[in-house]
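Chain by chain, the residues:
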Protein chains: 2
Amino acid sequence: MKIAVDAMGGDNAPQVVVEGIEKARDEWSDLEFVLYGDEEQIKKYLKDSKNITIVHTDEEILGTDEPVKAIRSKKNSSMVRAAKSVKDGETDALFSLGNTGALLAAGIFIVGRIKQVDRPALMPTLPVTNSPLGVNILDVGANAEAKATYLQQWAVMGSIYATDVKQIKEPRVALLNNGTEEDKGDTLHKEAFDLLKNTEEINFIGNVESGDLLAGVADVIVTDGFTGNAALKATEGTATILLKELKKALMDNGIFTKLGAAIVAPSLKGIKDMFDTSRAGGAVLLGLKSPVIKAHGAANVETIFYTVKQIYDMLLNDTVNKANTYFEKMNKEK
Amino acid sequence: MKIAVDAMGGDNAPQVVVEGIEKARDEWSDLEFVLYGDEEQIKKYLKDSKNITIVHTDEEILGTDEPVKAIRSKKNSSMVRAAKSVKDGETDALFSLGNTGALLAAGIFIVGRIKQVDRPALMPTLPVTNSPLGVNILDVGANAEAKATYLQQWAVMGSIYATDVKQIKEPRVALLNNGTEEDKGDTLHKEAFDLLKNTEEINFIGNVESGDLLAGVADVIVTDGFTGNAALKATEGTATILLKELKKALMDNGIFTKLGAAIVAPSLKGIKDMFDTSRAGGAVLLGLKSPVIKAHGAANVETIFYTVKQIYDMLLNDTVNKANTYFEKMNKEK
């Protein structure tokens, strides 16, 4: 199994990427990696080239680039070249820490989507209070518009993913809605509810509200990309602001408070740990012919290591093709 | 000016309602109150009946009641009777701590909406990190479906409210969207952006993302009720979970941590204070012929006092009719 890695994406590329990939390579001997990026820079950090090939590229897609335009004009960028190698069958999966929009575009236009899936969806893992497995939520913004049938497809793919990669038996799939009762929502979400209720292969448990995103009430939460984006950003924004205010309160209130802060610091680490989803890997772009995974631009060696594990699990379980097979069967039955 | 008060709504009714109203009565001598509810219970807590009348009612709308059905069947409930008195011109505004959905229904079906407003919107005040005035966001769930023209109407009403009640000159009005760039969003939000950009009477500053809800980047944030509901609940849910985990971390980690917690407690109070919006009053149902305000079911005397101030400001400024006049003018110009 061979993973194409965009070595130039993210805040600390390529150093952190190279270190993370080497760590993963040392753990799983049947994985090979192709690193796309500036050869000289990559070599500076690469200690051992076992199972690692470098393909030199001299362009880079920046965080500020307009996604689709960047994919079309920067043909020799590390991201486009890595995506191309997946499309051409040279590698089996695409991994990047770079521009999310550009990776979505590269996934859709270069890697290509599964025929039976109308729209790929972006699926991160959020932390929950009662389990280290977290919750998967999709779509969080790959699509601004949605149809109920998209949500049904996403539910199936999310459920297969949770079974394969997180090893959850009959994952609880819920619909993000504006109330928990069955008749809640706008037209789209009412239609989606009915479809999900009648999708035999998933364990649909009904509606959840976004106030319960982190409460561990479901394993997979399905939502349209516009609402999912709003709920995800509100969650992240609130957590960021609260933790910042907490730090300020502990640090900017004199020496006595600082002393107290030092005492409680080890206990507070638990909260930070709860919000640390690095072991869950990156956000998956589901609905494509091969695994395409985006890790956070600020990801560390640990996150990169676990993202490789995540890709490895998807490849071992043939997760992507399972969805394909399911949809083909579903379409035949229609 | 006379305010109709549903004295039986909320967790600690009627005691906390009576105490809050008495406090407000002592502050503003030109306000009169009509308390709808169980006379015997209200009298138990009422110290001084100056400017306060009691109208006995023997039904109650519960938090679990189905809103529209409750409004139609419980004709002698404190909420319905209070709403009826506003409709009949006996009182000038409606104030309740009860079932939000039922109050929406009472507002729309009994008090009645402004002719020029297609759909009333629910508008709470959220805290922000850089100002005690907070931010007003609407609609957060009075409507599951929305049109761009609704969002335009809400923007105008929110802006008038921020000017009148919060005394902000040219309040910054923003659109909640899935990105800050002008071309972001689904069809609805792109249309809304164009309408808002061309609404002269408001100070439209463009898109905001839900990650910045609490960042103080706008005074009024307009959103469709479905997204607004998701963003609001995600914000509240995350804050609740984080503060709970914080408390647990400080209290459940042995005597040494507890000691540290005691030291830092005064500094942490600042965070709690930041999230305390009781001075902003309750959530306003904008678009009705008279002010209809919902305070949180768990509201305390302080919040009730400030909600009366909020209603008082709306009445003094004739906020509701200003919107009406504006829309009439706008329609004529078309």
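The name an unreviewed UniProt entry assigns to chain A is Phosphate acyltransferase, from the organism Companilactobacillus mishanensis. Here is the UniProt Sequence similarities (unreviewed entry) comment for chain A, exactly as written: "Belongs to the PlsX family." What UniProt states about chain A under its Pathway (unreviewed entry) heading is, verbatim, "Lipid metabolism; phospholipid metabolism."

Turning our eyes to something else, we now look at the pairing of strand S3 (residues 52–56) of chain A. Residue and element names in this part refer to chain A. With five bridges joining them, strand S2 (residues 32–37) and S3 adopt parallel strand pairing. By the bridge assignment for S3, Val34 is matched with Thr53. For the segment spanning S2, helix H2 (residues 39–45) and S3, crossover handedness is right-handed.

Between chain B and chain A, which share one sequence, the superposing operator has a rotation angle of 180 degrees and an axial displacement of 0.0 Å; the RMSD is 0.1 Å. The symmetry that links the two subunits is that of a two-fold axis. Of the C-alpha atoms belonging to chain B, the one lying closest to the rotation axis is found on Gly260 of chain B, 2.1 Å away. A shared binding surface is used by both copies, with 100% of the interface residues of chain B retained as interface residues in chain A.

It is worth spelling out the sheet that holds strand S7 (residues 131–138) of chain A at this point. Residue and element names in this part refer to chain A. Ordered by their spatial adjacency, five strands build an open sheet running S6-S7-S10-S8-S9, and the pairing between neighbours is mixed. The open sheet has two free edges, formed respectively by strand S6 (125–128) and strand S9 (203–208), since each of these has just one partner strand. Strand-to-strand twist across the sheet, computed as the mean angle between neighbouring axes with direction ignored, equals 30 degrees. Pairing between strand S8 (residues 172–176) and S9: five bridges, direction parallel. Bridge pairing in S9 links Leu175 to Asn207.

Further remarks concern the packing of aromatic side chains. Residue and element names in this part refer to chain A. Counted under the stated rule, the structure contains twelve aromatic pairs over all chains. Ring geometry for Trp28 and Phe305: centres 4.9 Å apart, planes at 20 degrees, overall stacked. Taken as a pair, Trp28 in the loop between helix H1 (15–27) and S2 and Phe305 in helix H10 (residues 301–316) lie far apart in primary sequence, 277 residues in all. Summarising the burial analysis for this pair, Trp28 and Phe305 share the class buried. Feature note: the residues Trp28, Phe305, Tyr306 and Tyr312 constitute an aromatic cluster, connected by ring pairs. The aromatic ring of Phe305 is capped on one face by Lys23, whose charged end is 4.8 Å from the ring centroid. Sitting above the plane of the Phe109 ring, Arg72 keeps its charged end 5.2 Å from the centroid.

This next bit is on the environment of Gln15 of chain B. Residue and element names in this part refer to chain B. Counting through the fold element by element, Gln15 comes out in helix H1 (residues 15–27). Note on Gln15: relative accessible area 33%, which makes it partly exposed. In this structure the C-alpha to C-alpha distance between Gln15 and Ile221, which are 206 residues apart in sequence, comes to 34 Å.

As a further point, take a nonpolar patch on the surface. Residues and elements named next belong to chain A. There is a patch of nonpolar side chains on the surface, built from Ile255, Phe256 and Leu259 and spanning about 370 Å² of accessible area. Locating Phe256 in the fold gives a position in helix H9 (residues 254–274). Using a relative accessible area of 56% as the deciding quantity, one classes Phe256 as exposed.

About the criteria used
Residues numbered from 1 in each chain as written. Chains lettered and ligands numbered in written order. Predicted model: local features only at pLDDT ≥ 70, side-chain atom pairs only at ≥ 80, totals over all residues. Heavy atoms only, no water. UniProt positions renumbered as here; feature names shortened; annotations may be inferred. Pairing = 2+ DSSP bridges. Helix = DSSP H or I, 4+ residues; strand = E, 2+ residues; numbered from the N terminus. Right-handed = clockwise from strand over helix to strand, strands pointing away. Least-squares fit on C-alpha atoms with pLDDT ≥ 70 in both. Contact = heavy atoms within 4.5 Å. Axes fitted to C-alpha atoms, helices over the stretch in contact; angles between N-to-C directions. Phe/Tyr/Trp six-rings, centres within 6.5 Å; stacked < 30°, edge-to-face > 60°. Buried < 20%, exposed > 50% of the residue type's maximum accessible area, 1.4 Å probe, protein only. Lys NZ or Arg CZ within 6 Å of the ring centre and 35° of its normal. Patch = residues over 30% accessible without salt bridge, like charges linked within 9 Å, V, L, I, M, F, W, Y side chains within 5 Å. Areas by Shrake-Rupley, 256 points an atom, 1.4 Å probe, with all protein chains shown as cover. Salt bridge = Lys/Arg side-chain N within 4 Å of Asp/Glu carboxyl O.

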